[in-house]
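Topology and contacts: notes
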Amino acid sequence: MGYHTFDAGRADKLEDAQQRYRSLSAEELHWALSPESDETVTDLGSGTGFYTDDIAPAVESVYAVDIQEAMHDYYREKGVPDNVDLVTSAVDDLPFDTGSLDGAFSTMTYHEFASDGALNEVARVLNSGGTFAIADWAASGSGRNGPPVDERFSAAEATDALRQHGFTIEFEAVRPETFLLVASAE
């Protein structure tokens with residue numbers, strides 16, 4: 001089950017490139033998602049659009065999904081690229097057609113939505129072979145940044161959950177504070 005949602009009142013903190021790229025660089029995200037110019041992808045827990053903005057130039061369209069309208073308001077003020085659509089939704093109830101997306105990514109938000117319902121939804125909306133890239137705070141981390149350690153998942157827990165929902169794990173890396181997983185849908 002997921003835990004707390006990031007406080008939208010602290011959204012400015014999500015725009016600190018130096019801090020954010022320590023956890024996941026734009027290049028690493030591009031490598032994990034491997035986006036193509038004709039693809040439609042979704043950023044699950046898009047927040048201020050920090051990582052959405054990194055992926056948008058590489059694809060046809062991006063759905064920036066966040067449960068908090070306040071995060072979308074922040075993104076609108078910052079400026080949303082023309083090929084990005086803002087979607088206010090929980091991950092366990094995505095408003096997309098079955099098999100309609102080529103990829104999905106979650107950057108430091110998996111712990112907020114991790115549940116059977118959410119993983120069923122991601123599996124449903126991805127097309128066969130679609131990529132699901134997850135970078136999140138690791139349960140083995142110190143807790144100096146990100147959510148409390150007891151609200152985090154280990155990479156092993158996340159890979160087990162993904163496998164149970166029909167994903168094939170293509171890549172797994174555990175770093176001091178985070179993990180990175182790349183999975184493909186059935």
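Located above this text is the structure these notes cover.
We now turn to the structure provided with this report.

About the cut-offs
Residues numbered from 1 in each chain as written. Predicted model: local features only at pLDDT ≥ 70, side-chain atom pairs only at ≥ 80, totals over all residues. Heavy atoms only, no water. Salt bridge = Lys/Arg side-chain N within 4 Å of Asp/Glu carboxyl O. Helix = DSSP H or I, 4+ residues; strand = E, 2+ residues; numbered from the N terminus. Buried < 20%, exposed > 50% of the residue type's maximum accessible area, 1.4 Å probe, protein only.

Time to look at the pattern of salt bridges. Enumeration over the complete set of coordinates arrives at 7 salt bridges. Between D53 and K78 there is a salt bridge whose closest N-O contact spans 3.1 Å. Here D53, found in helix α3 (residues 50-55), pairs with K78, found in helix α4 (residues 69-78); they are 25 residues apart in sequence, far enough to count as distant. D53 sits in the partly exposed class, given a relative accessible area of 27%. Look at the salt bridges and you will find they share partners, linking E69, D73 and R76 into a network.

Below, the discussion takes up unusual backbone geometry. Of note, the phi angle at S34 is positive, near 50 degrees, even though the residue is not glycine. Its place among the elements puts S34 in the loop between α2 (26-33) and β1 (40-44). Within the chain, M108 stands out as a residue other than glycine whose phi angle is a positive 65 degrees. Considering the arrangement of structural elements, one finds M108 in the loop between β4 (101-107) and α5 (110-113). Residue M108 is classed as buried on the basis of its relative accessible area of 9%.

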